[in-house]
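These are the residues of each chain, in order.
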Amino acid sequence: MESRDFIEVSRITLVIHHGLLKTALELLKTIGIFSVMLESARTARLRVKSTLFDFIGLSDPIEDSPTDIIRIIVKPEDAEKTVYYLIDKLDLRTAGRGAVYVQNLQELSNRTLPQITLEQHNKVTLLHDLTLITGIQSQSGSGDSISKVALKLSAGVPTVSLGKGTGIRDRLGLLRITISPEKELTYLLVPSFDANGLQNLLIEKGKLNRPGGGFMYQTPIKFGLADTQIRIGSQTHAASFEQIIAAIDELKKDTSWRKRVFENDGEGSLPHKTSYTHREISFICPVEHSDDYIHAAMDNGAAGATMTIMRSISLKDEDSYDVDNFENAIMCVKKEDETKIIDAILKTSKEKNETDWMIQKIAASSIYATYKKK
């Protein structure tokens, strides 16, 4: 296969509390979606307390809950009605139950897209002015975690998964021992007009601008519904701030009314308008086969990759699900390097005579990284 064989698809990302996983899989199966990719994660929120120990700073205000990230690939014309269906059936308009968003991307694989048997569902207000910030940070980094900084800024509800980094760390000689290969991947849905300012603050407050701090970039979202429950715990009013914000978003049908002004033009700052000069490339293959592909990509311009474990779930069986472990190698590369990196991956797959893989690519903002490949 060559790069021209990429097709336009929509990736639906469903982020839900672990307790909703079985229900979500059954719902997808009902409408004809029999294959999904599943990633374990956690959602971080602020725990509101009014105790003496909390007042004097002896308690941790961040509380995590087990979360599942379900990724579904559908035809672009099926994305909207599928999202409406999931929001309704999973009650995602209630804060705290989860989020769902759609990204249009290109995919190269040997699989067939699902034939979704679903009529147009009840419409809800979807936001079309959202951006996904992806931050990758060493677990032993010297700064606050990206999720903690995001919550302090009330930037949104962060979803965090674990991965392993390779690439730049491997080129640093003795200095590599100061940088952990274990990575935290933080996904954050934010209003597009505030994305650059928030990213600059996340870089600064999370100390990503220090050696080995990590990197961060943005990818566009077609539409979605964000989880607004940043805080949990005691509530003294009939409605929380998050519920009020969600209600106003629905009335105004966008998030521009809550635009904030960021005074952050320091080193590493991004221009106000996002420039998609890079590509996020995701290469998904069985866990035992990833090393050769990553090395081929790095030899052709990729600075490195972050690997996460995903489970491919087949929903065709009536009584049980078939599960296979896959590895997702995430690379954010310069636009001009995209073709040769993908061609190197395809050449490796041909040499190994393997077909059980997929490549997905989407436009990405200029990457912010503490180390860049020379």
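Above: the structure in question.
A quick note: this is a predicted structure, and the numbers were derived from the prediction, not measured.

1. Points about the overall build of the protein chain
- Across its full length, the protein chain holds eight helices and 15 strands.
- Counting across all 374 residues of the protein chain, residues that qualify as buried make up 52%.
- A separation threshold of at least 6 residues defines the contact pool for the protein chain, and within that pool the share at least 24 residues apart is 83%.
- For the protein chain, the accessible surface area stands at approximately 17,900 Å², while carbon and sulfur atoms represent 50% of it.

2. Here we look at unusual backbone geometry
- Here Ser154, not a glycine, exhibits a phi torsion of approximately 55 degrees, which is positive.
- Of the residues examined, Ser154 reaches a relative accessible area of 30% and is grouped as partly exposed.
- Even without a glycine there, the phi angle at Asn353 is positive, about 55 degrees.
- Along the chain, Asn353 turns up in the loop between helix 8 (338-352) and strand 14 (358-364).

3. Some words on the pairing of strand 2 (residues 35-48)
- Relative to strand 12 (residues 305-314), strand 2 is paired through four bridges, and the arrangement is antiparallel. Each bridged residue has a counterpart across the sheet, and for Ser35 the counterpart in strand 12 is Ser314.
- Sheet topology places strand 2 next to strand 3 (residues 62-74); 10 bridges connect them, and they run antiparallel. Within strand 3, the position partnered with Thr43 by the bridge is Ser65.

Calculation criteria
- Residues numbered from 1 in each chain as written.
- Predicted model: local features only at pLDDT ≥ 70, side-chain atom pairs only at ≥ 80, totals over all residues.
- Heavy atoms only, no water.
- Helix = DSSP H or I, 4+ residues; strand = E, 2+ residues; numbered from the N terminus.
- Buried < 20%, exposed > 50% of the residue type's maximum accessible area, 1.4 Å probe, protein only.
- Contact = heavy atoms within 4.5 Å.
- Areas by Shrake-Rupley, 256 points an atom, 1.4 Å probe, with all protein chains shown as cover.
- Pairing = 2+ DSSP bridges.

Taken by themselves, the reported measurements are silent on function.
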